[in-house]
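Spelled out from the first residue to the last, the chains are:
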Amino acid sequence: MTPLARVAWRPFRLPLRAETHAAHGTASTREGLLIVVEGVEGGRGLGEASPLPSYTGGSVEECAALLAGIAPALLVSPAESLWRSLPALAGGHPGSLAALTCGLETAVADLLARGEGVPLHRLLRPRTGIAADVVVEANAVIDNPDPMRAAEETRDAIQSGFTTLKVKAGFDLDRQRFAAVRAVAGPFVRLRADANGAWDEAATLEALPRLAAAGVVLLEQPLPPAPGPAALARVRAASPIPIAADEGCRTTSELASLLAANAIDAVVVKPMASGLRESLAILAAAREAAIEAIVTTTFDAGIGTALAMHLAATLDEPRPACGIATHGRLAADIVTGVLPVEGGRVTLPGIAHIPGLGVTLDEAALEAHATGPWQEVRR
Ligand SMILES: [Mg+2]
């Protein structure tokens, strides 16, 4: 049993090397809340709560305020039971709640995995047999709204060894962008499209033929979540391209509704937008339903990125390419040790040599990028 001796948190803001673009907005920095938990017998776990305001809503300030409210209660229970039932969070924006839940669950899971001397993915999904390294294919993200720039991003991605590209859609020049990307990528690279809910049914039906002509193999979230599973099911019935839900599938109950309506072929799972344990439950339900699940960051800082890598490593093979090659967008980070993407792949340790998340807090970098002081509760 590992009671917590200390919970501490500090907000940070990191510059991006290149802006991120999606139908819902553009970002040039990434903000988050670092969470550190320490056990009474020593040991430390790291977590990150990074709501993405343009995407999930919520804010770092609200995450910090919510955490201040529940932190004293976190010192009462052993970490093992915290992992099973963190104190219920309530009263905040869903985006803040999901990110804070994710951050706390990650910190506790990191502490427990380090204590057991296992990589986090083996704590998240214990499996018997030989603990070999796990190789996870990553997709590149092509998100520049300009066709020429999208072609340059594609060239860089192909040269770096990526064979699956996720191309953001819902921009004015999509027709030219997808044509340019396919021309540079050649015929054998897998293209996915992600509209981030930018279209209505009519616009989706209009886009489908040209996406199919560009050889798109998966269309993510063409409609916003609001019209519900029946609208997405109509699109799927008319679509030559398999359909995935992302924004519309944050919980197991949303997944159940989508499956009941025959609305999807695949689901995109983002721990920062669902929470870590809810993400594990969604992945289990997707396995049960035999649909593809793709684990993806929300352009998180290093702790959130490492978490997404470990979560992707829990997927059964053959694993789809996952959205875990986003760390290169950051121009700085508050941790070291985030695994590199090499040849379009991430290799996670199978056994003890890098326990937990495998990342280490960089105190000097945190000092440089913090946007407020440490706050903490101690036993
Ligand atoms: Mg998406």
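Residues numbered from 1 in each chain as written. Predicted model: local features only at pLDDT ≥ 70, side-chain atom pairs only at ≥ 80, totals over all residues. Heavy atoms only, no water.

### With respect to empty space enclosed by the protein
The gaps of empty space that remain are located by a probe, the size of a water molecule, rolled over the atoms. Taken as a whole and judged by the stated rule, the model has 2 cavities of 30 Å³ or more. Looking at the largest cavity, it is lined by 23 residues, and the ones nearest its centre are Ala22, His24, Leu52, Lys168 and Phe299. For the lining of the largest cavity, the elements supplying multiple residues, two or more each, are strand E1 (4–22), strand E2 (25–39) and strand E6 (164–168). By residue class, the composition of the lining of the largest cavity is 6 nonpolar, 13 polar and 4 charged. In this structure, the second largest cavity encloses a volume near 80 Å³. What lines the second largest cavity is simply Ala306, Met309, His310, Gly337, Val338, Leu339, Pro349, Ile354, Gly356, Leu357, Gly358 and Val359. Of the residues belonging to the lining of the second largest cavity, the class tally is 8 nonpolar, 4 polar and no charged. (1 Å grid on protein atoms, 1.4 Å probe; cavity = no way out; pocket = protein on both sides within 12 Å on 5 of 7 lines; lining within 4 Å. Points joined across faces, edges and corners; volume = space filled by probe spheres on them. Helix = DSSP H or I, 4+ residues; strand = E, 2+ residues; numbered from the N terminus. Nonpolar A, V, L, I, M, F, W, Y, C, P; charged D, E, K, R; others polar.)

### Here we look at the domain arrangement of the chain
We note that the domain assignment places domain 1 (4–123 + 358–378) and domain 2 (134–348) within the chain. Using only C-alpha atoms to locate each centre, domain 1 and domain 2 end up separated by 24 Å. On the domain 2 side, the residues contacting the 43 residues of domain 1 number 46 residues. Across the domain 1 to domain 2 interface the summed buried area is about 3,500 Å²; carbon plus sulfur atoms make up 65%. For the domain 1 face of the interface with domain 2, the top three residues by lost area are His21, Tyr55 and His121, together amounting to 20%. One can count 2 salt bridges joining domain 1 with domain 2. Across the pair Asp300 and Arg30 runs a salt bridge, and its minimum N-O distance is 3.3 Å. The tally of links between domain 1 and domain 2 comes to 21 residue pairs in polar contact (both at pLDDT 80 or more). Those elements that provide at least two residues to the side of domain 1 that touches domain 2 are E1, E2, strand E3 (44–49), helix H2 (79–84), helix H3 (94–116), helix H4 (120–124), strand E14 (360–361) and helix H13 (363–369). (Domains from an automatic or database assignment. Contact = heavy atoms within 4.5 Å. Buried area = accessible area lost by both parts, 1.4 Å probe. Salt bridge = Lys/Arg side-chain N within 4 Å of Asp/Glu carboxyl O. Polar contact = N/O pair within 3.5 Å; in protein donor to acceptor, adjacent residues only side chain to side chain.)

### Thoughts on the pairing of strand E8 (residues 216–220)
Both faces of the sheet carry side chains from a regular strand, because those side chains alternate between them. Extensive coverage of E8 is indicated by the burial of 4 of its 5 residues. Pairing of strand E7 (residues 190–194) with E8, which is carried by 4 bridges, proceeds in the parallel orientation. Of the residues in E8, the one forming a bridge with Ala193 is Leu219. What joins E7 to E8 is helix H7 (residues 201–213), and the crossover it makes is right-handed. Pairing of E8 with strand E9 (residues 243–245), which is carried by 2 bridges, proceeds in the parallel orientation. Bridging from a neighbouring strand, Glu220 pairs with Ala244 of E9. Crossover handedness for the path E8 to helix H8 (residues 229–238) to E9: right-handed. (Buried < 20%, exposed > 50% of the residue type's maximum accessible area, 1.4 Å probe, protein only. Pairing = 2+ DSSP bridges. Right-handed = clockwise from strand over helix to strand, strands pointing away.)

### Let's talk about the coordination of the magnesium ion
Only Asp194 (OD), Glu220 (OE) and Asp246 (OD) from the protein reach the magnesium ion as donors, at distances of 1.9 to 2.2 Å. We note that the donor set of the magnesium ion lies within a single chain, spaced as D-x25-E-x25-D. In this pair, Glu220 sits in strand E8 while Asp246 sits in the loop between E9 and helix H9 (252–260), placing the two residues 26 residues apart along the sequence. Comparing Glu220 with Asp246, the two get one shared label, buried. (Donors = N, O, S within 2.8 Å, 3.2 Å for Na, K, Ca; no water.)

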